[in-house]
Amino acid sequence: MDKPRNPYEEFPPSPRQVRLDHHDSVRTHVHQQVCTEVERLERRIEILRLAKAPHVAVMISAYERMIDRKKGFLQNWEMGERRYY
């Protein structure tokens, strides 16, 4: 009997932009992703500061906490911005 196919296997396999067998490649990719997320959150905060809607302060506070956590992640894993720029 044939083995069942792996439902997570891609057909055809896509080329990876991140080389998982190279530690620095993964760290760089994660650093770029987290920095991009932080930039998007900061832009959202700027837009919200101009809005006159209820609960804006709560939303800004939540986004600021998310930014702090993402920056804390970078620091905990020694991916601070000074290392890559």
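Residues numbered from 1 in each chain as written. Predicted model: local features only at pLDDT ≥ 70, side-chain atom pairs only at ≥ 80, totals over all residues. Heavy atoms only, no water.

Novice: How do you make sense of the overall build of the protein when you look at a structure like this?
Specialist: Secondary structure assignment for the protein yields three helices and zero strands. Ordered by position from N to C terminus, the α and β elements of the protein give α-α-α. Across the 85 residues that make up the protein, the buried fraction comes to 18%. For the protein, the share of sequence-separated contacts (at least 6 apart) that also reach a separation of at least 24 residues comes to 57%. (Helix = DSSP H or I, 4+ residues; strand = E, 2+ residues; numbered from the N terminus. Buried < 20%, exposed > 50% of the residue type's maximum accessible area, 1.4 Å probe, protein only. Contact = heavy atoms within 4.5 Å.)

Novice: What is the right way to look at the packing of aromatic side chains in this model?
Specialist: The relation between two aromatic rings is expressed through the spacing of the ring centres and the mutual angle of the planes. Summed over the entire model, instances satisfying the criterion amount to one aromatic pair. Taken together, a centroid distance of 6.5 Å and an interplanar angle of 45 degrees make the contact between phenylalanine 73 and tryptophan 77 tilted. Overall, phenylalanine 73 belongs to the partly exposed group, its relative accessible area being 31%. Relative accessible area serves as the criterion here: at 52%, tryptophan 77 is assigned to the exposed category. (Phe/Tyr/Trp six-rings, centres within 6.5 Å; stacked < 30°, edge-to-face > 60°.)

Novice: Hey, could you run me through the environment of leucine 41 in this one?
Specialist: Looking at where leucine 41 falls in the secondary structure, it is placed in helix H1 (residues 23-50). For leucine 41, a relative accessible area of 5% puts it in the buried group. The spacing of leucine 41 and methionine 66 is 25 residues in sequence and 8.1 Å in space, taken between C-alpha atoms. Not counting residues within four places of it along the chain, the set of residues in contact with leucine 41 comprises Tyr63, Met66, Ile67 and Lys70.

Novice: Looking at this structure, I do not really get the packing of H1 against helix H2 (residues 56-76). What am I missing?
Specialist: Each packed pair of helices is defined by two parameters, the angle between the axes and the distance between the axes. The N-to-C vectors of H1 and H2 enclose an angle of 160 degrees; their axes lie 10 Å apart at closest approach. Considering the angle they form, H1 stands roughly antiparallel to H2. When you trace H1 past H2, the crossing you get is left-handed. Between H1 and H2, the contacting residues are Val30, His31, Val34, Cys35, Glu37, Val38, Leu41, Glu42, Arg44, Ile45, Leu48 and Arg49 on the first element and Val56, Met59, Ile60, Tyr63, Glu64, Met66, Ile67, Lys70, Lys71, Phe73 and Leu74 on the second. When its residues are assigned to classes, the contact of H1 with H2 shows 15 nonpolar, one polar and seven charged. (Axes fitted to C-alpha atoms, helices over the stretch in contact; angles between N-to-C directions. Parallel < 35°, antiparallel > 145°, perpendicular 65-115°, else oblique. Left-handed = near helix turned anticlockwise from the far one by under 90°. Nonpolar A, V, L, I, M, F, W, Y, C, P; charged D, E, K, R; others polar.)

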